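Each chain, written out:
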Amino acid sequence: MQTTYVMVKPDGVQRGLVGEIINRFERKGLRLVGLKSIIPSMELVEQHYAVHKERPFYSGLVEFVTSGPVVAMAWKGVDAISVCRNIIGATNGREADMGSIRGDFGMDIGYNLIHGSDGEETAAFELGLWFPEGLNEWTPVRETWVYE
Ligand code: IDP
Ligand code: MG
């Protein structure tokens, strides 16, 4: 079991795609263990994207992600990190596979609707950053029918 950090970015919220996006993870069989709408601080987003600090798009990215509400989520499941990255699709929406969130709804590399942790270390770091209050542990009854 892994838990991963997923976030609908301000463009996804502005475009009214929050329900559509949550639905895709939920239907897949993942377990929702954290969910909130927040307007993140500059400091929080700078820490979240610290690995991209030297990239030319960094300051624009921080400005974009702090520009309005985001929906922060934690999803749990077997191999949840790669499963969620597949549901999300490639960074550039124009190149992302159809059927993925970015492939179905995105046309841009910056405004790409959604974030998902890319590995176990990043997931632990990002979950601690966005959910310092901790996550909700529970066992969905339907999971009896998700994993054999
Ligand atoms: P990822 O979100 O698919 O993991 P990363 O390479 O980690 O992609 O980049 C983080 C975020 O930075 C992207 O989701 C996107 O919003 C933004 N970004 C990445 N590359 C560019 C770019 O070339 N121009 C503008 N924004 C970019
Ligand atoms: Mg990334």
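First, a word on what this report is: a plain description of the structure on this page. (Residues numbered from 1 in each chain as written. Chains lettered and ligands numbered in written order. Predicted model: local features only at pLDDT ≥ 70, side-chain atom pairs only at ≥ 80, totals over all residues. Heavy atoms only, no water.)

**Some remarks on the side chain of Asn92**
Among the secondary structure elements, Asn92 is positioned in the loop between α5 (80-88) and α6 (101-105). Taking the relative accessible area as the measure of exposure, Asn92 reaches 9% and is therefore buried. With residues near it in sequence (within four places) discarded, Asn92 still touches Asp108 and Ile109. (Helix = DSSP H or I, 4+ residues; strand = E, 2+ residues; numbered from the N terminus. Buried < 20%, exposed > 50% of the residue type's maximum accessible area, 1.4 Å probe, protein only. Contact = heavy atoms within 4.5 Å.)

**Some words on helix α7 (residues 120-130)**
Ala123, Glu126, Leu127, Leu129 and Trp130 are the residues of α7 that are buried. For α7, the arc enclosing every buried residue in end-on projection is 160°, short of the 170-degree limit, so these residues lie on one face. When the buried face of α7 is taken as reference, the exposed residues oriented beyond 90 degrees from it are Glu120, Glu121 and Ala124. On its buried face, α7 is in contact with β1 (2-8), β2 (31-38), α3 (42-48), β3 (70-77), α5 and β4 (114-116). (Arc of directions from axis to C-beta.)

**Side note on the layout of surface pockets**
Space left empty within the atom packing is revealed by a probe, the size of a water molecule, rolled over the atoms. Of the voids in this model, the largest pocket is the one considered here, and its volume is about 610 Å³. Lining the largest pocket we find 26 residues, and of these Tyr49, His52, Phe57, Leu61 and Thr91 sit closest to its centre. When residues of the lining of the largest pocket are traced back to their parent elements, those giving at least two are α3, α4 (58-65), β4 and α7. Taken together, the residues of the lining of the largest pocket break down into nine nonpolar, eleven polar and six charged. (1 Å grid on protein atoms, 1.4 Å probe; cavity = no way out; pocket = protein on both sides within 12 Å on 5 of 7 lines; lining within 4 Å. Points joined across faces, edges and corners; volume = space filled by probe spheres on them. Nonpolar A, V, L, I, M, F, W, Y, C, P; charged D, E, K, R; others polar.)

By themselves, these observations are geometric and do not establish any function.
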